Amino acid sequence: MMRALVYALVASLTRAATTTTTNFRGEDTWVVLVGASRYFANYRHAANVLAMRRIAQRLGVPRERLLVLLAEDPTFDGRNPHRGRVFISANGKRRAADDLAGDWGANATHLFADVDYAGDEVTPELVRHLLTGRLGASTPRSRRLDSGPSSNVLVYLTGHGGDEFLKFHDSDELSAVEIADAVAEMRAKGRYGRLVLVADTCQAGSLLARLSPSRTPNVLGVASAKLGENAYAAGADAVVGVALADRFTEHVSKFFDGNRASSGTWGDFERSLRKAPTRSTLVVEDAAWGAPDWRAAPLAAFFGSEPTFHLTPWPP
């Protein structure tokens, strides 16, 4: 009798983990944004994350379903000439990466306290545990990914990368194998219905190499550069003295700024990215996605929380 109950329980869990639920209305969207680099010279990686956060929040993802991990935040760094502000576009065309209020004035401030995980606590282990739900019991709910089997989950990674790894703090690495293992565990635990993994690093496409239809179904991977290829920074800012963003993420911000995402699909997004002057080769790994066609999936289901929305344009 006990053995029969155990078999029934295992079968029930297996069915729950393998059932495909497609929710393209954006009503159960979770966003995880990871900036893995430290040091002010890597300002652009923090700006990449804050720009992606700006997009998600403006498109309606509630704060409790948006998790931000920054290995270093330049907002109030003594070397930042724009204390309290982070920008993503350089020189005369500066655009704020952290303008959450839709205000171009002094009130459009990003506060360090609004980052969920910061500094030394941002590690490969933290990323794995956050995704798979293996955080300690003392971790507050506001710092957890509480997604479920019908959730749309967007995971964005930026920093310095190489052949199947993302570097953390110049001392540790998150590998493509670990990423795939974490996603497989998420699937087994019913922690997503559909998942999109976006990587903006050098050789970012290699981070998608271990995804597979059998272990990580219903996953789409998008990367800024193929194996053996750099992901390039945008031009350096004359005042800040460093690059403010990577070309890929800067283009993503401009795409959403143009309001093309209000009824846009991932197919629209892909076509725009392929035309963008990033100097790198866009990589799309769709073998694990399954049906329906990922190109028809609305961007709002992963970047936003409402079926329709409107963005306030950037200032000129």
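Everything below is about the structure shown above.
Residues numbered from 1 in each chain as written. Predicted model: local features only at pLDDT ≥ 70, side-chain atom pairs only at ≥ 80, totals over all residues. Heavy atoms only, no water.

Novice: Break down helix α4 (residues 176-188) for me, citing the residues and quoting the values.
Specialist: With 13 residues, α4 extends 18 Å from end C-alpha to end C-alpha; this agrees with the ideal 18 Å at 1.5 Å per step. Buried residues of α4: Ala176, Ile179, Ala180, Ala182, Val183, Ala184, Met186 and Arg187, and no others. Once α4 finishes, Gly190 follows within two positions and takes phi at roughly 70°, a positive value. (Helix = DSSP H or I, 4+ residues; strand = E, 2+ residues; numbered from the N terminus. Expected span 1.5 Å × (residues − 1). Buried < 20%, exposed > 50% of the residue type's maximum accessible area, 1.4 Å probe, protein only.)

Novice: Pulling in residues and values, what's your account of the pattern of salt bridges?
Specialist: In total, this model carries 16 salt bridges according to the counting rule given. Here Asp114 makes a salt bridge to Arg63, at a shortest N to O gap of 3.0 Å. One end of the pair, Asp114, is in the loop between β2 (66-70) and β3 (117-118); the other, Arg63, is in the loop between α2 (43-58) and β2, with 51 residues separating them in the sequence. For Asp114, a relative accessible area of 25% translates into the label partly exposed. (Salt bridge = Lys/Arg side-chain N within 4 Å of Asp/Glu carboxyl O.)

Novice: So what's going on with the pairing of strand β7 (residues 172-175)? Residues and values would help.
Specialist: One ladder, built from four bridges, connects strand β6 (residues 165-168) with β7; its direction is antiparallel. Each bridged residue has a counterpart across the sheet, and for Leu166 the counterpart in β7 is Leu174. (Pairing = 2+ DSSP bridges.)

Novice: A description of the sheet that holds β6 should follow, citing residues and the corresponding values.
Specialist: Taken together, the three strands give an open sheet; going across it, the order is β5-β6-β7, and neighbouring strands pair in antiparallel fashion. Because the sheet does not close on itself, it has two edges, and the strands there are β5 (161-162) and β7. Where β5 and β6 come together, two bridges link them in antiparallel fashion. Directly across from Gly162, in β6, lies its bridge partner Phe165. Its contacts with the sheet put helix α3 (residues 124-132) on β6 and β7, and the angle it makes with β7 is roughly 35°. (Contact = heavy atoms within 4.5 Å. Axes fitted to C-alpha atoms, helices over the stretch in contact; angles between N-to-C directions.)

Novice: Go over the side chain of Thr75 with me, naming the residues and quoting the values.
Specialist: Locating Thr75 in the fold gives a position in the loop between β2 and β3. A polar contact of 2.4 Å, which involves the side chain of Thr75, links it to the side chain of Asp73. (Polar contact = N/O pair within 3.5 Å; in protein donor to acceptor, adjacent residues only side chain to side chain.)

The values are spatial; any link to function lies outside them.
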